[in-house]
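Next come the chains, spelled out residue by residue.
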Amino acid sequence: MSAPLNFFHVRKSYRRPGALVPEVVFEDFSLQLAPGELVALVGRSGIGKTTLLHLAAGLDTPDRGAVRIDGQGKPRIGMVFQQPRLLDWLSAADNIRVAIDAAGTDQRRGSEMLAAVGLADYAHAYPLALSGGQRQRVALARAFAIEPAIVLLAEPFSALDELTARRLRLLLQELRQAQAPTGLLVTHSTLEAAFLADRVLVLDGPPARILETIEIDLARPRSPEDPALFAFHRRIIAALKSTEPAEPLALLEKKRDLHAVG
Amino acid sequence: MTVLQEPATTGARPAQRRFDGARSLVAGAIVPPLLFCLLLALGWEIMARRLHSPLVPTVGDVVAALSRIVGSGDAFIQIGITLERIAFGFTVAFVVAIAVGTASGRNKTIRAFFEPALLLGLTVPGLIWALLCVIWFGIGLRTSTTAIALGTAPALIVSIMHGIRSIDTDVIEMAHVFRFSPLARLRYVWLPAILPFLLSGARLGFSHAWKVIVLVEIFGLSDGVGYQLNADFSAQDVASMLAWTVAFGITMAVIEYGLLQNLERYLTRWRKAAKV
């Protein structure tokens, strides 16, 4: 069911409004995701993590190079966005149903997935009647109900409170146990990256490049309290710190000195 | 010690809520407009009695004329004819507005292309369309349909265009990623999102259509409410003119409150969920 996701020598640039020259986000960027593997991307804001997700989702196209999802037919892509992006005028069940219709998969998966995310009793509820966490659960159910070959996770829990986010990370882990689509996760939570991913890529740039690859070789299912997880977490943090620009820090220190003198 | 008492009967609550709901509906939505109509009738009656002019009939005269046109069945026939003409013209306007409004909402160049036509359409009075169509097409359904379509389409197009431009791009991206078919996008994304704009455009268009059709019927047709108004005007029968106006006003109110508002409530029922 899962499929390999490959980025081959991708170049991507954007021209910001008012800018004379385009800003190169990716230059000759390559990345291979094995079937069933979940790779997390971490790095500073604006480095290009979301651009990479958009390229994989087909929401954007590279200037050069290619993004390939190999598999039989047209592999299905499920995506969980930062906001649930549900259709407010459809019930929770119908939001999943229309995605299943579009994917052409088994309609029974809709109710199964709603039950799997603990929302069987809310099938007929409209999104506006649900809490933020419940809405994101529906979005998770929608992404997995289409039996995706690839699942793209764009900071899926960053808009939720920590307790809800923690529950949903466990839920995501359970869903991936049942079906293991290839996954690409963009997150600012280093602990989330360590908990969910098989491989964490720390990006630096611009243009974006992989500064460090951290393999998370912990058995699944994982526990968020596992001390070994924190060791990986520290490694990710250390790698991220090395991407911090020196100048703003120096400026900050200078400011602090001036303040001390004043 | 404080003793918290349980409510005696929990079963009475839904009935009580229904009663409270009906009471607030009567107090908030029915009484104020009814009061306005009563005050208007009272003010008119006082004015009519003071002026003592055949040009300002009393409320009683208007009610008598209204009873006459309703009793003879004329009101139903003539209003039916006028509504049929409105329906034809409005349907043409709606189809054109959906196509042009959607294209203009999605594409800047198309929007710029249609801008002069919209500006012209919005500023030209319905009277001009009525006159031109009578001159061009003579007497017939083509005249009323074209005049109404020309008079109502611009406002509808603007409304639909705004609706299209207000659609959340996040939802469009979601539909793209999940590979919704064009039909699914139209049914589940575009139409529900522009529905409030469609309904407000329909209201506006309907009121425009009424103004245009009356003129067309006055100038170039031999039946319909506009023709009756013109005939009563020629006979200086102000009471009958007012009776036709009241009859058509009641018809429009039935369409608005009985059809459009209920349709809107049903189609946007998901919004209520936010208030729960």
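### With respect to the overall build of chain A
And then number 1: A count of helices and strands for chain A gives eight helices and nine strands.
And then number 2: Its C-alpha atoms give chain A principal-axis dimensions of about 65 × 40 × 40 Å.
And then number 3: Expressed as a percentage of its 262 residues, the buried residues of chain A come to 49%.
And then number 4: In chain A, the proportion of contacts linking residues at least 24 apart, taken out of those at least 6 apart, comes to 72%.
And then number 5: By element, 53% of the accessible surface of chain A is carried by carbon and sulfur atoms, the whole surface being about 12,300 Å².
And then number 6: Positive and negative charge centroids in chain A, built from 31 and 30 side chains respectively, lie 3 Å apart.

### Focus on the interface of chain A and chain B
And then number 1: In this assembly, 27 residues from chain A lie in contact with 18 residues from chain B.
And then number 2: Counting each side, the surface lost to burial between chain A and chain B is near 2,100 Å², with a carbon and sulfur contribution of 69%.
And then number 3: Where chain A packs against chain B, one counts two salt bridges.
And then number 4: Between Arg85 of chain A and Asp170 of chain B there is a salt bridge, with the nearest N and O atoms lying 3.5 Å from each other.

### Describing the pattern of salt bridges
And then number 1: Evaluation of the coordinates by the stated rule reveals 24 salt bridges over all chains.
And then number 2: A salt bridge links Glu173 of chain B to Arg85 of chain A; the shortest N-O distance between them is 2.8 Å. With Glu173 of chain B in helix H7 (residues 169-177) and Arg85 of chain A in the loop between strand E5 (77-80) and helix H2 (92-103), this residue pair bridges two chains.
And then number 3: Glu173 of chain B sits in the partly exposed class, given a relative accessible area of 23%.
And then number 4: Within the structure, one salt-bridge network assembled from shared partners comprises Arg11, Lys12, Glu27, Asp60, Asp63 and Arg64 of chain A.

### Details of the layout of surface pockets
Residues and elements named next belong to chain B.
And then number 1: The volume enclosed by the largest pocket comes to roughly 760 Å³.
And then number 2: Residue lining of the largest pocket: 20 residues in total, with Cys37, Leu40, Ala41, Val246 and Ile250 positioned closest to the centre.
And then number 3: Of all the elements in the fold, those that place two or more residues in the lining of the largest pocket are helix H1 (12-51), helix H2 (59-71) and helix H10 (238-267).
And then number 4: In terms of residues, the lining of the largest pocket owes the most to one element, H1, which gives nine residues.
And then number 5: Along the walls of the second largest pocket sit 21 residues, with Arg187, Leu191, Pro192, Leu195 and Leu267 positioned nearest its centre.
And then number 6: Those elements giving two or more residues to the lining of the second largest pocket turn out to be helix H8 (182-220) and H10.
And then number 7: Its residues placed into classes, the lining of the second largest pocket shows 16 nonpolar, two polar and three charged.

### Points about the nonpolar core
And then number 1: By size, the foremost hydrophobic cluster in this structure holds 137 residues, and its most contacted members are Phe7, Leu87, Leu152, Leu184 and Val200 of chain A together with Phe178 and Phe180 of chain B.
And then number 2: The element contributing the most residues to this core is H8 of chain B, with 15 residues.
And then number 3: In this structure, Phe178 of chain B is in contact with Ile77, Gly78, Met79, Phe81, Ala99, Ala102, Arg142, Ala143 and Ile146 of chain A, ignoring residues within four places of it in sequence.

### As for the packing of aromatic side chains
Residue and element names in this part refer to chain B.
And then number 1: Inspection of the entire model under this criterion finds seven aromatic pairs over all chains.
And then number 2: Ring centres 5.6 Å apart and planes at 90° place the aromatic pair Phe90 and Phe206 in the edge-to-face group. Of this pair, Phe90 sits in helix H3 (residues 74-106) while Phe206 sits in helix H8, and the two are 116 residues apart along the sequence. Pair check on accessibility: Phe90 and Phe206 agree, each one buried.
And then number 3: An angle of 10° between the planes, with centres 3.5 Å apart, marks the rings of Trp210 and Phe248 as stacked. Pair noted here: Trp210 is in helix H8 and Phe248 is in helix H10, with a separation of 38 residues, a long-range link. Taken as a pair, Trp210 and Phe248 share a single burial class, namely buried.
And then number 4: Each member of the aromatic cluster is reached from another via a ring pair, and the members are Phe90, Phe94 and Phe206.

Conventions used here
Residues numbered from 1 in each chain as written. Chains lettered and ligands numbered in written order. Predicted model: local features only at pLDDT ≥ 70, side-chain atom pairs only at ≥ 80, totals over all residues. Heavy atoms only, no water. Helix = DSSP H or I, 4+ residues; strand = E, 2+ residues; numbered from the N terminus. Buried < 20%, exposed > 50% of the residue type's maximum accessible area, 1.4 Å probe, protein only. Contact = heavy atoms within 4.5 Å. Areas by Shrake-Rupley, 256 points an atom, 1.4 Å probe, with all protein chains shown as cover. Lys, Arg positive; Asp, Glu negative; His and termini not counted. Charge placed at Lys NZ, Arg CZ, Asp CG, Glu CD. Buried area = accessible area lost by both parts, 1.4 Å probe. Salt bridge = Lys/Arg side-chain N within 4 Å of Asp/Glu carboxyl O. 1 Å grid on protein atoms, 1.4 Å probe; cavity = no way out; pocket = protein on both sides within 12 Å on 5 of 7 lines; lining within 4 Å. Points joined across faces, edges and corners; volume = space filled by probe spheres on them. Nonpolar A, V, L, I, M, F, W, Y, C, P; charged D, E, K, R; others polar. Core = buried A, V, L, I, M, F, W, Y, C linked by side-chain atoms within 4.5 Å. Phe/Tyr/Trp six-rings, centres within 6.5 Å; stacked < 30°, edge-to-face > 60°.

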